[in-house]
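# A closer look at the structure
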Amino acid sequence: MTYTIKDKRDFKNFMRLVITDNQSHKNAEKIFEFEQNEYVFEKNDCENIYCRVSNHGNNNLNVCFCMDEYENITIDGRGSFFRFKDGITPFLMRCGKNITLKNFKIYVENTNVISGKVIYSSNERVDVKIPEKHEVFLKGNGLFLRSNGKKYELKYSFSALKGRISEKDSGQCFDAPFELLPKSLNGQVLSIPNPPKTVDVNSDIVLISTGSREGSGIIIDRCQNIRIENVTIYHCVGMGVIAQKSKDISIDKMKVMRYGDGAFSLNADAVHFVNCRGKINVTNSLFESQLDDACNIHGIYTKIVEVDKNRIKVQFMQKETLDIPIYQTGDKVEICESDTLKPYFDAEIQDVVYNNDGTANITLNKIPRLIYDNSLAEIASDKVSFILKNCIIRDNRTRGVLLAAKGNLMVEGNYFNTHNSAILFEANATFWFESGGVDVAKIKNNFFCGTDSKAEAVIKVCKRDKQTDDFYFNKHITVSDNVFDKDCGNIMECSNTEEFIFFDNVTYDNKKPVISNTKKVSLDRNECGYES
């Protein structure tokens, strides 16, 4: 069945048809086609939905396209431009199956982030002109923004020159915490004395509030078989796509890019996957000018705070992941040590109860040994086959791809131009509590350039807080057939890995990987620095 959306008046009828057809024709394929046009969506077009979204926190979201338990649906924008008013989350899919979004562009107005222009710059002072639409004020030692009836403290600042947000060209202008810097406000002109570095006049200064992730472009929660094709996201309040506890996701020909003369694209990551499983493919896509990473895939550690027979009580440790429904009956959970992240044992979840206070009670089929204080729990059955292929990642703040997921990971045929690490293998139980030592990772046929020599390694496999001789957090990592351009600094750091293979790569100036605490190492047939 195909439905055609011709104008804005069809929108609510469209949603009613979706609901009706989803209930009465759940197994039938339903296609909703928009006539190519610009559509403006406002808050009265939305539903207010309470949603727990990883790396964003728990919020009441104004959701425009809300799809709960929908199946076999395609939304085809046919090249349309979807413009959403401030504070709207365009798409939310929960517990759905076989959903395709394709052929449209998204722009979400966002007044919680300020983009001002530098009108004066010297070693003594930087003056920033703040657009009239923003209401800003000083209080005590802080700078605040009032928007939509809320008050936001502006804590971070970055500069951008022609859309490139990186330390090399303009980069982070003022060190956090931003509130500790003396400043004055004269009308809409913010003066910041004694800046740590000067910036070019007419460059953009982006001021970020602590509440700048109140929504996302597309949220995928406990879904299966989701496809996103030929979708452009110019701007939204949080991440472009955030998927959690979902299976089999394909993103193809997606673009994250600035709109017009905007200083940046997204507030946060372009695409982000949390405790997902199955096939996760990101291909033929462009990710640029966002204020955080291009792609992040990981699990979540929780801390065990109570043990009673076969029941454990776990605490979600990161405020932005509180009560995310990562634990499900039938999942395999792994109990591990907090410093080395070495697993003690695994068991099957027989029951789980979320307590709405950042904790969950989990009943296991067994607890075969003593659980020590500060031990961690993570889902061991959330394994992925992850592919990032033929993508362009450039001009964004921070890193390219963060890999922390169990399973087989492939990063192939991509172009990276990032300030910090292009590829970072990281998991920790100290701040983000992101889990996932990789089983097999292959990094092949990529081109790396633009990484500052003072920054992190182009590819970095992080050390653990504590390491032992009998446990390696990552299993097998192969880096082959890549080109590290001459402007790259430290090309590779590898630690805490059972097997590391580095062959048929092209480097410059005899640069070599820095290797520590790795059981088996093979360096072979690399140009400009290695011999067999």
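All of these numbers come straight from a predicted model, not from anything done at the bench.

## Description of the overall build of the protein chain
Secondary structure assignment for the protein chain yields one helix and 45 strands. The C-alpha extent of the protein chain, read off along each of the three principal axes, is 65 × 60 × 45 Å. A total of 532 residues make up the protein chain; the buried ones form 57% of that total. Here the contacts in the protein chain between residues at least 6 apart in sequence split such that 68% fall between residues at least 24 apart. Element-wise, carbon and sulfur atoms account for 43% of the exposed surface of the protein chain, whose accessible area totals about 21300 Å². Of the charged side chains in the protein chain, 69 are positive and 73 negative; the average position of the first set lies 1 Å away from that of the second.

## So, the pairing of strand β35 (residues 407-412)
Moving residue by residue along a regular strand, the side chains alternate between the two faces of the sheet. Sheet analysis places strand β32 (residues 384-389) next to β35, joined by six bridges and oriented parallel. Within β35, the position partnered with V384 by the bridge is G407. As defined by bridge partners, β35 adjoins strand β39 (residues 440-444) across five bridges and the pair is classed as parallel. When the bridges of β39 are listed, V411 appears paired with I443.

## Thoughts on the environment of K519
Position of K519 among the secondary structure elements: in strand β45 (residues 514-524). Its relative accessible area of 61% is what places K519 among the exposed residues. Residues within four places of K519 in sequence aside, it is in contact with Y472, T497 and E498.

## Re the packing of aromatic side chains
The tally for this structure, following the rule as stated, stands at 27 aromatic pairs. Taking the centre distance of 4.4 Å and the plane angle of 15 degrees together, the rings of F65 and F91 count as stacked. Here F65, found in strand β5 (residues 57-68), pairs with F91, found in strand β7 (residues 88-94); they are 26 residues apart in sequence, far enough to count as distant. The exposure class assigned to F65 is buried, which follows from its relative accessible area of 1%.

## Examining the sheet that holds strand β27 (residues 311-316)
The strand order around the closed barrel formed by six strands is β26-β27-β30-β29-β28-β31, and the pairing between neighbours is antiparallel. Strand-to-strand twist across the sheet, computed as the mean angle between neighbouring axes with direction ignored, equals 45 degrees. Direction of pairing for β27 relative to strand β30 (residues 359-364): antiparallel, over a ladder of five bridges. Bridging across to β30, V314 finds its partner in A360.

## Quick notes on the environment of I335
When you line up the elements, I335 lands in strand β28 (residues 332-336). Each C-alpha atom of the pair I335 and V506 lies 41 Å from the other, and the pair is 171 residues apart in sequence. Beyond its immediate sequence surroundings of up to four residues, I335 is in contact with I304, I312, K342, P343, Y344, F345, I371, S375, L376 and A377.

## Points about the nonpolar core
Ranked by internal contacts, the top residues of the largest apolar core, which has 83 residues, are F65, F273 and F386. Examining the composition of this core, we find that five residues originate from one element, strand β8 (residues 97-108), more than from any other. Leaving out residues up to four positions away in the same chain, F65 has contacts with F11, F14, M15, F34, F41, I75, F82, F84, P90, F91 and L92. L61, I324, F345 and L364 belong to the second largest nonpolar core, which has 33 residues in total.

## Looking at the pairing of strand β22 (residues 271-274)
Side chains V271 and F273 of β22 all project onto a buried face; the interleaved residues H272 and V274 project onto the opposite face, where all are buried too. Relative to β22, strand β19 (residues 241-244) runs parallel, the two sharing four bridges. Along β22, the bridge assignment pairs I242 with H272. Where β22 lies against strand β25 (residues 295-300), four bridges are found, and the strand directions are parallel. In the strand pairing of β25, V271 is matched with C295.

## What to know about the confidence of the model for the protein chain
Summary statistics for the protein chain give a mean pLDDT of 86 and a share of 90% for residues scoring 70 or more. Within the model, the stretch residues 166-180 combines pLDDT values under 50 with 51 contacts to residues more than four positions away or in other chains.

## Considerations on the pattern of salt bridges
Counted under the stated rule, the structure contains 28 salt bridges. Residue R125 pairs with D127 through a salt bridge whose shortest N-O separation is 2.7 Å. Among the residues examined, R125 registers a relative accessible area of 33% and is labelled partly exposed. D127 gets classed as buried once you look at its relative accessible area, which sits at 8%. A salt bridge links R399 to D292, with the nearest nitrogen and oxygen atoms 3.9 Å apart.

## A closer look at the side chain of E412
Following the sequence through the fold, E412 ends up in strand β35. Salt bridges are absent for the buried E412, whose nearest opposite-charge side chain, K389, sits at 4.0 Å. Those residues in contact with E412 that lie beyond four places of it in its chain are L388, K389, N390, K444 and N446.

## What about unusual backbone geometry?
Its identity is not glycine, yet N284 carries a phi of approximately 50 degrees, on the positive side. Looking at the element boundaries, N284 is found in the loop between β23 (277-283) and β24 (286-288). Look at D395: it is not a glycine, yet its phi comes out positive at around 60 degrees. With respect to the helices, strands and loops of the structure, D395 is situated in the loop between β33 (392-394) and β34 (401-404).

## Examining the side chain of T359
Tracing the backbone shows T359 in strand β30. Residue classification places T359 among the buried positions, given a relative accessible area of 4%. A distance of 2.9 Å separates the side chain of T359 from the side chain of N355, its partner in a polar contact. Only 2.5 Å separates the side chain of T359 from the side chain of D357, close enough to count as a polar contact. For T359, the residues in contact, after removing those within four places along its chain, are K313, V314, Q315, D323, V353 and Y354.

Rules of the game
Residues numbered from 1 in each chain as written. Predicted model: local features only at pLDDT ≥ 70, side-chain atom pairs only at ≥ 80, totals over all residues. Heavy atoms only, no water. Helix = DSSP H or I, 4+ residues; strand = E, 2+ residues; numbered from the N terminus. Buried < 20%, exposed > 50% of the residue type's maximum accessible area, 1.4 Å probe, protein only. Contact = heavy atoms within 4.5 Å. Areas by Shrake-Rupley, 256 points an atom, 1.4 Å probe, with all protein chains shown as cover. Lys, Arg positive; Asp, Glu negative; His and termini not counted. Charge placed at Lys NZ, Arg CZ, Asp CG, Glu CD. Pairing = 2+ DSSP bridges. Phe/Tyr/Trp six-rings, centres within 6.5 Å; stacked < 30°, edge-to-face > 60°. Axes fitted to C-alpha atoms, helices over the stretch in contact; angles between N-to-C directions. Core = buried A, V, L, I, M, F, W, Y, C linked by side-chain atoms within 4.5 Å. pLDDT = per-residue confidence, 0-100. Salt bridge = Lys/Arg side-chain N within 4 Å of Asp/Glu carboxyl O. Polar contact = N/O pair within 3.5 Å; in protein donor to acceptor, adjacent residues only side chain to side chain.

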